[in-house]
Amino acid sequence: GQLGKLKSTLALSENELEAFRKKHDLLDISGIATLETDQLTRLKEEISSASTIKVKADSLLQVVEQYGDTDVLLLESLTVISTHPSYQEAKKILLDSQRTFGEISQVYGVKHPKFIAAKSELEIVEKNVIVQVQKIIEGVKKESQAAKINLAVLQAQFDLTKSRYSELTNLATQYRQLQREVDT
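This one's a predicted model, so the numbers in the text were calculated from it and none came from an experiment. (Residues numbered from 1 in each chain as written. Predicted model: local features only at pLDDT ≥ 70, side-chain atom pairs only at ≥ 80, totals over all residues. Heavy atoms only, no water.)

A. Looking closely at the overall build of the protein. When helices and strands are tallied, the protein shows six helices and zero strands. Counting from the amino terminus, helix and strand elements in the protein follow one another as α-α-α-α-α-α. Taking 184 residues into account, the globule formula puts the C-alpha radius of gyration at 16 Å, and the protein, at 34 Å, lies well above it. Taking the principal axes of its C-alpha atoms as reference, the protein extends roughly 120 × 25 × 20 Å. (Helix = DSSP H or I, 4+ residues; strand = E, 2+ residues; numbered from the N terminus. Rg over C-alpha atoms; globule rule 2.2 N^0.38 Å.)

Pasting the structure below:
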């Protein structure tokens, strides 16, 4: 009678609930939703951080582009260049070479081999400073591009996770409806 009908309805509801759970690979609805929420929060923080890095890299790149990448004297005034270890080392070598050339030029004439050698070395060292500045500028450009790509990747991950979270929320709602049918 009535009890048999209720048992049959309960069994049917439980089967529907279990089929729903298996179809959507659900183990623990609340745990999955919590994981997705945590991942969304983490991605938001990473996007914020990546956005800050991108803004800094872009503004630095903009300054470099305003200065032009050929005016070494102007570019040397940028902190990113003047504090860079490879630039500082090249500049130190340049100062030593200038000092040596200055000393040699006071003692020897322009045709003397020591004068010619010191002048040649100075020219090579000056070119090295320019090369170091250009390498740093290339690094700034690459950092800007990498920051842009990183931000885009994080945003795509966020969008995908948000979409999955939305699907899970809908599945959780359906699951709870089926659970209520079993409970009643």
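B. Inspection of the environment of Arg176 at higher detail. Locating Arg176 in the fold gives a position in helix 6 (residues 113-183). Classification of Arg176 as partly exposed rests on a relative accessible area of 43%. Distance in space between the C-alpha atoms of Arg176 and Lys91 is 70 Å, their sequence separation being 85 residues. (Buried < 20%, exposed > 50% of the residue type's maximum accessible area, 1.4 Å probe, protein only.)

C. Summary view of the packing of aromatic side chains. Evaluation of the coordinates by the stated rule reveals one aromatic pair. On the basis of an interplanar angle of 50° and a centroid distance of 5.2 Å, the ring pair of Phe101 and Phe115 is categorised as tilted. Of this pair, Phe101 sits in helix 5 (residues 85-107) while Phe115 sits in helix 6, and the two are 14 residues apart along the sequence. Relative accessible area serves as the criterion here: at 18%, Phe101 is assigned to the buried category. In this structure Phe115 comes out as buried when scored by relative accessible area, which is 10%. (Phe/Tyr/Trp six-rings, centres within 6.5 Å; stacked < 30°, edge-to-face > 60°.)

D. Spatial organisation of the nonpolar core. Core analysis: the largest hydrophobic core is formed by 18 residues, its most contacted members being Leu75, Ile81, Tyr87, Val133 and Ile137. Where this core is concerned, the elements lending two or more residues are helix 3 (72-75), helix 5 and helix 6. When residues no more than four places from it in sequence are discounted, the contact partners of Val133 are Val72, Leu75, Glu76, Ile81 and Tyr87. Ranked by size, the runner-up nonpolar core spans seven residues in total, among them Leu43, Ile47, Ala50 and Phe158. (Core = buried A, V, L, I, M, F, W, Y, C linked by side-chain atoms within 4.5 Å. Contact = heavy atoms within 4.5 Å.)

E. Representation of the pattern of salt bridges in the model. If you walk through the whole model with that rule in mind, you get seven salt bridges. Between Lys91 and Glu76 there is a salt bridge, with the nearest N and O atoms lying 3.2 Å from each other. Pair noted here: Lys91 is in helix 5 and Glu76 is in the loop between helix 3 and helix 4 (79-82), with a separation of 15 residues, a long-range link. The salt bridge partner of Asp96 is Lys92, with a shortest N-O separation of 3.9 Å. With Asp96 and Lys92 both in helix 5 and four residues apart, this pair spans about one turn of that helix. Asp96 sits in the partly exposed class, given a relative accessible area of 32%. Several salt bridges share partner residues, and in doing so they unite Lys92, Asp96, Arg99 and Glu103 into one network. (Salt bridge = Lys/Arg side-chain N within 4 Å of Asp/Glu carboxyl O.)

F. Examining the environment of Glu46 more closely. Secondary-structure assignment places Glu46 in helix 2 (residues 29-67). Note: C-alpha distance between Glu46 and Leu154 (108 residues apart in sequence) is 7.3 Å.

G. Fine view of the side chain of Ser97. By the secondary structure assignment, Ser97 is in helix 5. You can call Ser97 buried: its relative accessible area is 3%. Ignoring sequence-local partners within four residues, the contact set of Ser97 consists of Glu121, Leu122 and Val125.

H. Seen up close, helix 5. Its 23 residues place the ends of helix 5 34 Å apart at the C-alpha level, agreeing with the 33 Å of an ideal helix rising 1.5 Å per residue. Regarding helix 5, the residues found buried are Tyr87, Ala90, Leu94, Ser97, Phe101 and Ile104. (Expected span 1.5 Å × (residues − 1).)

I. Quick look at the confidence of the model for the protein. Overall, the prediction assigns the protein a mean pLDDT of 86, with 90% of residues at 70 or greater. At the level of individual helices and strands, the protein shows its lowest average pLDDT in helix 1 (residues 2-23), which scores 72, and its highest in helix 5, which scores 96. (pLDDT = per-residue confidence, 0-100.)

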